[in-house]
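Observations on the model geometry
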Amino acid sequence: MRVGVFFFLVYFVPEIDELSFSVCRKMLSSGVCTSTVQLPGKVVVVTGANTGIGKETAKDLAQRGARVYLACRDVEKGELVAKEIQTTTGNQQVLVRKLDLSDTKSIRAFAKGFLAEENHLHVLINNAGVMMCPYSKTADGFEMHMGVNHLGHFLLTHLLLEKLKESAPSRIVNVSSLAHHLGRIHFHNLQGEKFYNAALAYCHSKLANILFTQELARRLKGSGVTTYSVHPGTVQSELVRHSSFMRWMWWLFSFFIKTPQQGAQTSLHCALTEGLEILSGNHFSDCHVAWVSAQARNETIARRLWDVSCDLLGLPID
Ligand SMILES: NC(=O)C1=CN([C@@H]2O[C@H](COP(=O)(O)OP(=O)(O)OC[C@H]3O[C@@H](n4cnc5c(N)ncnc54)[C@H](OP(=O)(O)O)[C@@H]3O)[C@@H](O)[C@H]2O)C=CC1
Ligand SMILES: CC1=C(/C=C/C(C)=C/C=C/C(C)=C/C=O)C(C)(C)CCC1
C-alpha cells in the first residue's frame, strides 16, 4: 500500500517526481565515518543514548573501546540498551546514568556524579532532543524545545567544561538539524509565551545549537577543546513521536530515510576524525562541512544568546 501511494505520487505529479529523485540521490550519497581511531582509555558521554541516533553513536564508540556513559532520562531503558551494547561489542564499560535535560537539578546531579567518578572526559555528544511537543515547560519554566535541546545541553556543557579542558584534546558534538534554516532567536519570546508553533519551536532550538557551537568554538580557541554541530540527515527514529503527520511522512518515505546507524555517521565523524580541530565551530552534514543560514552565522546573535542563556541558568556571564 505504501509502495502504491508512493508510485502513484511519483508517476502522476512531475514536481514530486523531480523532487523525490533529487532527494533520493542526496540521501543515497550520505556520508560514512571512515575513521579507524580506537578509543581504549577514552571517556565519552552521549545524551539521549537509549534509542535512535544516540544509541548507534554510543554503540560505535563502545566498539572502539571507549568507556561510554549513556546519559538517559529513563534509566531502565538505558540499562537494556547498555546490556545490548555490552553483548554486541564485548565492551563492559558501558554505563548508564540518569540525566533529564528538562530539569536543571537533574543536569547538576548528573554532572556532580560524573565529576566525582571520572578523572577525564574526552568526548561529549549532546545528542538528546525533542521535536514538535505540544506547548509545555521544563521544571525550570523554559519552553520544552529551547529548554531541553538548547539550555539543557548548554548547562551540561558548562558543568563538564573544566573536565574537557583537563582531558584535551577533547571534543564536543552538538546534534542540530537542517531545520535550523527555519529557526529564529526571538529574544522577546524565548519561552514561547507570546506565540508558539511546535514545528518552529524545534527549528529555533536547533538554530540555538549552531549558535552555541560557534560561540563555544570562539571561546575555546587554544584550549585543545573543539566543537562541531551536526545535521544527521533525515533519520528513522522516535523523534517524530509527537506528530502524526511526521510519523506518516516518515512511514511513506521510509525508503529514503536513513537508519539510525547511518544517522550516527556525522556525529562519529566529528567526534573521531583526525585533523578536524581546524574546523572547530563548523556545521557538518553527511560527514562534510555544511552551509548554515545567515542567522546561524550571526556573531552578535550568538553572543547575545550565550549571555541570555547564562542569565536564565544562573551561570556567571563571562
Ligand atoms: N531523526 C531525524 O530525522 C533528525 C534528528 N535530529 C536530531 O538528532 C538528535 C537525536 O534524535 P533521534 O535519535 O532522531 O530521536 P529519538 O527521539 O529517537 O531520540 C531522542 C533521545 O533524546 C532523549 N530525550 C528526550 N528528551 C530528553 C530529556 N528531557 N532528557 C534527556 N534525554 C531526553 C530521548 O529519551 P527517551 O527515549 O526517554 O524519550 C531519546 O533518547 C536530536 O537532537 C534531533 O533533534 C536532527 C535532524 C533530523
Ligand atoms: C519532502 C520529502 C521528505 C521530507 C523531508 C522532511 C520533512 C524532513 C524533515 C526533517 C526534519 C524535521 C529533521 C529534524 O531535525 C522525505 C521524507 C525525505 C522524502 C522525500 C520528500
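Scroll up to find the structure this text is about.
Described below are features of the structure shown in this document. Keep in mind that what you see is a predicted model, and the values were worked out from it rather than measured.

This part is about the overall build of the chain. Across its full length, the chain carries eleven helices and eight strands. Its C-alpha atoms give the chain a radius of gyration of 19 Å, near enough to 20 Å, the size a compact globule of 318 residues would have. Projected onto the principal axes, the alpha-carbon positions of the chain cover approximately 60 × 50 × 40 Å. Looking at the chain as a whole, 53% of its 318 residues qualify as buried.

The subject of this paragraph is helix α7 (residues 198-220). In a regular helix each residue adds 1.5 Å, so 23 residues correspond to 33 Å; α7 covers 33 Å between its end C-alpha atoms and thus fits that length. For α7, the buried fraction is high: 18 of the 23 residues fall into the buried class. Just past α7, the residue Gly222 takes up positive phi, approximately 85°.

Next up on the list: the site of ligand 1. Every one of the 31 residues lining ligand 1 counts as a neighbour, but Asn50, Arg73, Tyr202, Val235 and Ser237 are closest to it. Contact distances for ligand 1 include 2.6 Å between an oxygen atom and a side-chain N or O atom of Tyr202. Considered on its own, ligand 1 offers 890 Å² of accessible surface; in the complex 98% of this is hidden by protein. Looking at the shell around ligand 1, the elements that each hand over two or more residues are α3 (52-63) and α7. Across the shell around ligand 1, the residue classes tally to twelve nonpolar, 13 polar and six charged.

Quick look at the site of ligand 2 now. Lining the immediate surroundings of ligand 2 are ten residues, of which Ser177, Tyr202, Met246, Trp250 and Phe253 lie closest. In the environment of ligand 2, an oxygen atom lies 2.6 Å from a nitrogen or oxygen atom belonging to the side chain of Ser177. Within the contact set of ligand 2, an oxygen atom lies 2.6 Å away from a side-chain nitrogen or oxygen of Tyr202. Within the complex, 76% of the 540 Å² of free accessible area of ligand 2 lies under protein. When residues of the shell around ligand 2 are traced back to their parent elements, those giving at least two are α2 (14-28) and α8 (244-252).

With that settled, consider empty space enclosed by the protein. Inspection of the entire model under this criterion finds two cavities of 30 Å³ or more. Roughly 60 Å³ of internal volume is contained in the largest cavity. Forming the boundary of the largest cavity are Asn126, Ala128, Asn149, His150, His153, Asn174, Val175, Lys206, Asn209 and Phe212. Residue composition of the lining of the largest cavity, by class: three nonpolar, six polar and one charged. As a volume, the second largest cavity reaches approximately 50 Å³. Along the walls of the second largest cavity sit Arg73, Gly129, Val130, Met131, Glu238, Leu239, Arg241 and His242, which together make up its complete lining. When its residues are assigned to classes, the lining of the second largest cavity shows three nonpolar, two polar and three charged.

Let us look at helix α6 (residues 144-166). Taking 1.5 Å per residue, 23 residues should reach 33 Å; α6 reaches 32 Å between its end C-alpha atoms and fits that length. Its maximal kink placed at Leu160, α6 deviates by approximately 50°. Most of α6 sits out of view: 18 of its 23 residues are buried.

There is a patch of nonpolar side chains on the surface, built from Phe245, Trp248 and Trp251 and spanning about 340 Å² of accessible area. Turning to its location among the elements, Phe245 is positioned in helix α8. Looking at Phe245, the relative accessible area reads 51%, which means it is exposed.

All right, on to the layout of surface pockets then. Of the voids in this model, the second largest pocket is the one considered here, and its volume is about 270 Å³. Around the second largest pocket sit 13 residues that line it, and Leu39, Pro169, Arg171, Ala271 and Leu272 are the ones nearest its centre. Considered class by class, the residues forming the lining of the second largest pocket number six nonpolar, three polar and four charged.

Conventions we followed
- Residues numbered from 1 in each chain as written.
- Chains lettered and ligands numbered in written order.
- Predicted model: local features only at pLDDT ≥ 70, side-chain atom pairs only at ≥ 80, totals over all residues.
- Heavy atoms only, no water.
- Helix = DSSP H or I, 4+ residues; strand = E, 2+ residues; numbered from the N terminus.
- Rg over C-alpha atoms; globule rule 2.2 N^0.38 Å.
- Buried < 20%, exposed > 50% of the residue type's maximum accessible area, 1.4 Å probe, protein only.
- Expected span 1.5 Å × (residues − 1).
- Near = heavy atom within 4 Å.
- Polar contact = N/O pair within 3.5 Å; in protein donor to acceptor, adjacent residues only side chain to side chain.
- Areas by Shrake-Rupley, 256 points an atom, 1.4 Å probe, with all protein chains shown as cover.
- Nonpolar A, V, L, I, M, F, W, Y, C, P; charged D, E, K, R; others polar.
- 1 Å grid on protein atoms, 1.4 Å probe; cavity = no way out; pocket = protein on both sides within 12 Å on 5 of 7 lines; lining within 4 Å.
- Points joined across faces, edges and corners; volume = space filled by probe spheres on them.
- Bend = angle between axes of the 7 residues up to and from the residue.
- Patch = residues over 30% accessible without salt bridge, like charges linked within 9 Å, V, L, I, M, F, W, Y side chains within 5 Å.
- Salt bridge = Lys/Arg side-chain N within 4 Å of Asp/Glu carboxyl O.

Distances and angles like these do not, on their own, reveal function.
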